[in-house]
Amino acid sequence: MKVIHVVAGLQPAAAGLAELVPKVAREIVRLGHEATIATVAGPGDRLSAAADEAEAAGVRIVRFAPSVPHAAYASWEMAVGMRRLSRFVESADLVHVHSNWTFPVWWGCQTARNAGKPVVMSPQGCLDPVRLAHSAWKKRLVGSLDRRCLRHAAAIHATSEAERGWIKAFLGDPPGGPRIEVIPNGVDLPGGTTTASGGAKRIDRVRRMLYLGRVHPLKGLDLLVEAWGRLAGGHARGRGWELLIAGPDEQGTRARLETLARSLSIPVVVGPGGAAEAGRIVFAGPLYGDDKARLLSQADLVVLPRRSENFGIVVAEALSAGIPVVTTTATPWGEIDGTCGWCVEPAAEPLAGAIAAAMGLTDAERAERGARGRKLVEEKYTWASVGRQMERLYAGIVNG
């Protein structure tokens, strides 16, 4: 099969999509098919490490220069090129379009329809009701375009049962609506010794709890700071724990979180932070590639305090590294509760309780939970497994 993936951006700042889309394409190539990614990027733009790895594995990446309006990832070059570039879409068996609300999504779907090619759409959390309420007027303005794309898709890919429900609600769950297939996102298992071994860290050091992701108003970080405020003077300091928040700041969120933390008498550091120090919060800024992997390997606990989430790839990444996770029931990770982590209501008090419980375990007990998490990922969430599921979806559409 020849598959074209269409995604707005693959730059590191595009976060999840810049990691997920290249890895899906990479697995399709590994299975013996052809994969091309069409994206909006200038010739000198740096792409994600995952995009570089995919290209090295045989994925073709075609850049279309951006134009105004930048907010919607508009590209006149894409508008012309996807029709003219060596019969770009006409040569494909299937077009897989990722996300919503941007020009590449709308144009990718329309170009595929014009060429008579089937489309798979992956909203990747864009239809989460919490996200729909953010900048709601803009999404209502273009909502008809996205509904049209989704309704004409041969299949819609959801990453969880929760996301399947969001898609149905957005479309009004029409009789005979498009097929919705649930396939989780995947992770690469880190090689070598993971932190689950429990033997590579000094006993006398300060432990570190890590949040890894965008510092954005929708990510529930205010709940995390409030929860930490309940612990900073007691459990966190007394047991020797630091909270490190790593990710790009968006919409001035970090400044608001700093203000909240200081109002709760929590010491705050902005920047790398140096040696860990108990009780404080460190805002480390964005980290990518090897720096991100190194930071994750040094963590003792990972936290995802979402009010709503379609998947939460950082949970799978942490578990694959043998690190237990605290998250909320607003994510699709209820299966980790009591085995390889904690899953509690999305509020400050339950989060504080779960974090305190994690701090109260010994290193060996946390490592045991981490080892169970690694086993869970090996069984269900590797990219090899996800790639095979995606291949079956594509083949069923192309051959059916």
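Presented here is a report on the structure given in the accompanying data block. Everything numeric in this text was worked out from a predicted model, so none of it was measured. (Residues numbered from 1 in each chain as written. Predicted model: local features only at pLDDT ≥ 70, side-chain atom pairs only at ≥ 80, totals over all residues. Heavy atoms only, no water.)

Points about the pattern of salt bridges
Taken as a whole, this structure holds 24 salt bridges when the rule is applied. The salt bridge involving Lys23 is made with Asp188; its shortest N-O contact spans 3.3 Å. Of the two residues, Lys23 sits in helix α1 (residues 16–30) while Asp188 sits in the loop between β7 (179–182) and β8 (207–212), which places them 165 residues apart along the sequence. In this structure Lys23 comes out as buried when scored by relative accessible area, which is 13%. (Salt bridge = Lys/Arg side-chain N within 4 Å of Asp/Glu carboxyl O. Helix = DSSP H or I, 4+ residues; strand = E, 2+ residues; numbered from the N terminus. Buried < 20%, exposed > 50% of the residue type's maximum accessible area, 1.4 Å probe, protein only.)

Let's talk about the packing of aromatic side chains
Evaluated as defined, the whole model comprises six aromatic pairs. With a centroid separation of 5.0 Å and 50 degrees between ring planes, the pair formed by Trp333 and Tyr381 is classed as tilted. With Trp333 in the loop between β13 (325–328) and β14 (341–344) and Tyr381 in the loop between α13 (363–380) and α14 (383–399), the pair connects residues that are 48 residues apart, well separated along the chain. Relative accessible area serves as the criterion here: at 7%, Tyr381 is assigned to the buried category. These aromatic residues form a ring-pair network of at least three members: Phe311, Trp333 and Tyr381. The ring of Phe170 has Arg147 lying over it, and the distance from NZ or CZ to the ring centre is 4.0 Å. Residue placement shows Arg369 over the ring face of Trp342; its charged tip is 4.3 Å from the ring centre. (Phe/Tyr/Trp six-rings, centres within 6.5 Å; stacked < 30°, edge-to-face > 60°. Lys NZ or Arg CZ within 6 Å of the ring centre and 35° of its normal.)

Structural notes on the pairing of strand β3 (residues 60–64)
Two strands pair when backbone bridges link them, and strand β2 (residues 34–40) and β3 are joined in this way by five bridges, in the parallel orientation. Bridge pairing in β3 places Thr39 opposite Arg63. The handedness of the β2 to β3 crossover, carried by helix α2 (residues 49–56), is right-handed. (Pairing = 2+ DSSP bridges. Right-handed = clockwise from strand over helix to strand, strands pointing away.)

Here's the deal with empty space enclosed by the protein
One pass over the structure, following the stated rule, counts one cavity of 30 Å³ or more. Space inside the largest cavity adds up to approximately 40 Å³. As for the largest cavity, its lining consists of Leu20, Val24, His96, His98, Ser122, Gln124, His157, Asn185 and Met390. The set of elements that each furnish at least two residues to the lining of the largest cavity consists of α1 and β4 (94–98). (1 Å grid on protein atoms, 1.4 Å probe; cavity = no way out; pocket = protein on both sides within 12 Å on 5 of 7 lines; lining within 4 Å. Points joined across faces, edges and corners; volume = space filled by probe spheres on them.)

Here's the deal with the nonpolar core
Judged by nonpolar contacts, the single largest core of 59 residues is most densely connected at Met209, Leu210, Trp228, Ile281, Leu319 and Trp333. Top element by residues in this core is helix α8 (residues 221–239). It accounts for nine residues. Once you skip the residues sitting within four places of it in the chain, Leu319 turns out to touch Val325, Trp333, Ile336, Cys340, Gly370, Gly373, Arg374, Leu376 and Val377. One finds Met78, Val95, Ala112 and Cys149 within the second-largest nonpolar core, a separate group that totals 36 residues. (Core = buried A, V, L, I, M, F, W, Y, C linked by side-chain atoms within 4.5 Å. Contact = heavy atoms within 4.5 Å.)

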